[in-house]
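# A structural walkthrough
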Amino acid sequence: MSAWRGAAEPSIPAQQQPALVLAYARSRDIDDAMLLRGTGLEGGAVPGTLVAPAQYLQLLGNALRLLDSPDTSFMLGQQLLPGHDGAPSNALVQAPSLREALAILCRWHARLTPLLRPRLETWDGMAALYWVDSHGAPGLRPALVVMHMTSVVALCRWLGGERLPWRFCFNRGAPRHVEQHHVHLGSALRFDCQFDAMLIEDAWLDRPWPRGSAMAAGLALRAAEGEPERPAGLLAALYDYLLERVRAAPALERAAADFGVSPATLKRQLARHGTHFQAELDQVRTHVALWMFHAQGADNEAVARYLGFHDAANFRRSFKRWTGVTPWLLRMGLAG
């Protein structure tokens, strides 16, 4: 049975990431009552208690609205990693290379980046770290993406001793003002992509980091493995589930059984996360098609066969419904 946690279930230590948001907003003279409005934390979070992802998202939304500054998500991202979550954070600090750091981040995402789930893919001299929702926050998605991308850039610069040549893809149009993106992320930016990803040449993955210690990182990881597991958010867990079964065209009923709930309950849970089953499946299919186009140079026929479509024409129609563009136009964009 797939383990998962809903957005309304308390799972994030109040004195970790939510406390950082509070501290940053307070440093800009934002009133606590306004910051905490609608979070259910109006009485203050007691140390040692857990906050639900939905509460953390409400707090972030309040902070972004009240601060009303284009640099807020970037500044919060600067503070996000390595975090203060015990053994996983300690392992991240001791990571001997970029590859190890990204592996730790992906393995312990439910603790280190509870709102977005990072996944690492490598192919033909390239590596991509891409981000998918854990708990559903469509209105905050652009801010969350730049917050998490900034956190990785800042962490790598600190641990590696230099700014790495990341390239960035965003699943949205370009903002009116991109100055903060240039300051915090650099100039290698592409918008109107179909995913949110950070790309880098894989030669950087195994370059030794001066701060790292494989032995210390290994000890911290063993300690982390001995601690209670924190289940992934529903959307992160469902993404992983669908990705493993994408060629078999997984159905809602089978997924619900594997998640230990009824189909009606899974539908309700997904609706509370701002999505539905077909949208999540289409997202996974889109990402698989993108990787096949980009990494393998696959054509429509090959992708259609892999995803179980009867023919390339049917795949083309479906792909345009998922993304709003044809596969040919997207391949041209990837090649540009």
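Residues numbered from 1 in each chain as written. Predicted model: local features only at pLDDT ≥ 70, side-chain atom pairs only at ≥ 80, totals over all residues. Heavy atoms only, no water.

So, on to the pattern of salt bridges. If you walk through the whole model with that rule in mind, you get 14 salt bridges. Two residues, Arg245 and Glu244, come together in a salt bridge whose shortest N-O distance is 3.3 Å. Take Arg245: its relative accessible area is 30%, and that puts it in the partly exposed class. Using a relative accessible area of 64% as the deciding quantity, one classes Glu244 as exposed. Among the salt bridges present, the one from Asp282 reaches Arg321, with a minimum N-O distance of 3.2 Å. Pair noted here: Asp282 is in helix 14 (residues 277–296) and Arg321 is in helix 16 (residues 312–323), with a separation of 39 residues, a long-range link. Residue classification places Arg321 among the exposed residues on the basis of a relative accessible area of 54%. Taken together, the shared-partner salt bridges in this structure form one network comprising Asp85, Arg111, Glu227 and Arg230. (Salt bridge = Lys/Arg side-chain N within 4 Å of Asp/Glu carboxyl O. Buried < 20%, exposed > 50% of the residue type's maximum accessible area, 1.4 Å probe, protein only. Helix = DSSP H or I, 4+ residues; strand = E, 2+ residues; numbered from the N terminus.)

As paired strands, strand 3 (residues 116–123) and strand 4 (residues 126–133) are joined by eight bridges and run antiparallel to one another. Each bridged residue has a counterpart across the sheet, and for Trp123 the counterpart in strand 4 is Met126. The turn joining strand 3 and strand 4, which pair antiparallel and follow one another in sequence, is formed by two residues; a positive phi near 40° is taken by Asp124. (Pairing = 2+ DSSP bridges.)

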